[in-house]
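What follows is the residue order along each chain.
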Amino acid sequence: MMKNRSLVSIVVPIYNGEKWLNKAVDSAINQSYKNIEILLIDDGSTDNSLDLCNSFKQDRRVRVFHKSNGGQASARNLGLKVCKGEFVQFLDCDDSLSLTAVETAMGYMYEDVDFVLFGFNVYSRGVLLRTPHVERMSYRGEFELFQKWSYLMASPCNKLYRKSYIKNLFQEDCVYGEDGIFNYTNFSSSSRIECIDNCLYNVNLDNPQSVNKRYKKGRLADTVFSIQTRLSKISSLFGKDKIQEKGYLADSIATLCYTIRLVAKNSTYRQFSEELSVSLYKNKPFKKWINMKMVGVKKHNKIIVVLLKNHSRKLLYLFAKLLSLLS
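Now for a quick tour of the structure.

Concerning the overall build of the protein chain
Within the protein chain one finds 13 helices and ten strands. The C-alpha atoms of the protein chain give 20 Å as radius of gyration, which agrees with the globular expectation for 327 residues (20 Å, within 12%). Taking the principal axes of the C-alpha coordinates as reference, the protein chain spans close to 60 × 45 × 35 Å. For the protein chain, the residues scored as buried account for 53% of the 327 residues in total. Contacts spanning at least 24 positions in sequence make up 78% of the contacts within the protein chain whose residues lie at least 6 apart. On the protein chain, roughly 15,300 Å² of surface is accessible, and the fraction owed to carbon and sulfur atoms is 51%. Both charge centroids of the protein chain, one from 48 positive and one from 32 negative side chains, sit 8 Å from each other.

In structure tokens, the structure reads:
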């Protein structure tokens, strides 16, 4: 077990977060584990976020960095480059940590562990909606255990990382899905993970600027790249058959179809068609896994996939738009 002398860096990317910043930073400053540094990375905010960040510097553990706007990935990467800790915890500026989060996670950071994974408390308007988490387990490459915790792989915020484990930074040119890409590009056959059943990270769903709630050009391409990264890594580590048999393909198709509906809802037919061409029809790896047998795929998603395969763009656009209006 690691001793309290190990420095933990809490990296907080910030863009126009003045409404939530006090709660987020307070949850970091008041951690029961005291040997921390808190890196506030202001990503070109246009509100009072930077002034708020500077007000926290009365705590000597707080370091403030200001950069031109480049997105959450670039802000996190700056944090990774300047942090001094042996371990890294990410915290979004509209969320918060349990006050015992770092101490609890560090208690399972044994000498061979790459990261400690924990659960979420998901809130909306102050009401606790759900607590996604997994049972206590030690992962050392077993697919049976990977199945149990992999649905919590996407986010970097429910993990305390050993900094030396992180070989690949966040993809700064992505508008969506860079979190999952980050985790899967760093994940390997030698990854050693401790999963604990504690829910130590508090997610706030009230921010209307959350990336999951908005559409931005390029999201479809990034979604496809994220899916390919995930499926390729699972296939290489555990075998191609696991993708189809264990629901990873069905889950990926559901994500793809959700994004297609989102694009249709927020774009003209011409824009929609252009995104399909760039993201899907010119993408050779996509064609391989989209033609695999679809086990466990919902009926409306199967229709979307069939329309995709047949290049029925107008029908796909109308069907996806209709689904988005009905949902």
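Some thoughts on the nonpolar core
Ranked by size, the top nonpolar core spans 100 residues in total, and within it Phe146, Trp149, Leu256, Ile260, Trp289 and Leu308 carry the most contacts. Top element by residues in this core is helix α9 (residues 248–265). It accounts for nine residues. Non-local contacts of Trp149, meaning those with residues more than four positions away in its chain, are made with Phe115, Leu117, Val134, Met137, Tyr139, Phe187, Ile193 and Cys195.

Some words on the packing of aromatic side chains
Between two aromatic rings, the relevant description is the distance of the centres plus the angle of the planes. What the rule picks out here adds up to 24 aromatic pairs. Arranged with centres 6.4 Å apart and planes meeting at 80°, the rings of Phe115 and Trp149 form a pair that is edge-to-face. Of this pair, Phe115 sits in strand β6 (residues 115–124) while Trp149 sits in helix α5 (residues 143–149); the two residues are 34 residues apart in sequence, bridging distant segments of the chain. Grouping residues by exposure puts Phe115 and Trp149 together as buried. The ring of Phe90 carries the charged tip of Arg76 above its face, separated from the ring centre by 5.8 Å. Against the face of Phe143 rests Lys242, its NZ or CZ located 5.4 Å from the ring centre.

A few points about unusual backbone geometry
The phi dihedral of Asn16 is positive, around 50°, even though this residue is not glycine. If you trace the backbone, Asn16 turns up in the loop between β1 (8–14) and α1 (21–29). Phi at His311 is positive, roughly 60°, even though this residue is not glycine. With respect to the secondary-structure elements, His311 resides in the loop between α12 (299–309) and α13 (313–326). A relative accessible area of 44% places His311 in the partly exposed class.

Re helix α6 (residues 178–186)
Where burial is concerned, most of α6 is hidden: eight out of the nine residues are buried. For α6, the full list of buried residues reads Glu178, Asp179, Gly180, Ile181, Phe182, Asn183, Tyr184 and Asn186. Residues of α6 that are buried in the fold lie against α3 (72–82), β4 (87–90), α5, β9 (159–162) and α7 (219–238).

Description of the pattern of salt bridges
Under the definition given, this model contains 13 salt bridges. The partner of Arg162 in a salt bridge is Glu86, and the shortest N-O contact between them spans 3.7 Å. Of this pair, Arg162 sits in strand β9 while Glu86 sits in the loop between α3 and β4, placing them 76 residues apart in sequence. Glu86 sits in the partly exposed class, given a relative accessible area of 38%. Of the charged contacts in the structure, one is a salt bridge between Asp112 and Arg140, with a shortest N-O distance of 3.3 Å.

Points about the pairing of strand β7 (residues 127–130)
As paired elements, β6 and β7 share three bridges and run antiparallel to each other. Residue pairing in the sheet places Ser124 in a bridge with Val127 of β7. Counted along the chain from β6 to the antiparallel partner β7, the turn is two residues long, and its residue Arg125 has a positive phi close to 55°.

Topic: the side chain of Glu194
Following the sequence through the fold, Glu194 ends up in strand β10 (residues 193–204). When neighbours within four sequence positions are excluded, Glu194 is seen to be in contact with Tyr108, Tyr110, Val113, Phe115, Val116, Leu117, Arg136, Met137, Ser138 and Arg140.

The rules behind these values
Residues numbered from 1 in each chain as written. Predicted model: local features only at pLDDT ≥ 70, side-chain atom pairs only at ≥ 80, totals over all residues. Heavy atoms only, no water. Helix = DSSP H or I, 4+ residues; strand = E, 2+ residues; numbered from the N terminus. Rg over C-alpha atoms; globule rule 2.2 N^0.38 Å. Buried < 20%, exposed > 50% of the residue type's maximum accessible area, 1.4 Å probe, protein only. Contact = heavy atoms within 4.5 Å. Areas by Shrake-Rupley, 256 points an atom, 1.4 Å probe, with all protein chains shown as cover. Lys, Arg positive; Asp, Glu negative; His and termini not counted. Charge placed at Lys NZ, Arg CZ, Asp CG, Glu CD. Core = buried A, V, L, I, M, F, W, Y, C linked by side-chain atoms within 4.5 Å. Phe/Tyr/Trp six-rings, centres within 6.5 Å; stacked < 30°, edge-to-face > 60°. Lys NZ or Arg CZ within 6 Å of the ring centre and 35° of its normal. Salt bridge = Lys/Arg side-chain N within 4 Å of Asp/Glu carboxyl O. Pairing = 2+ DSSP bridges.

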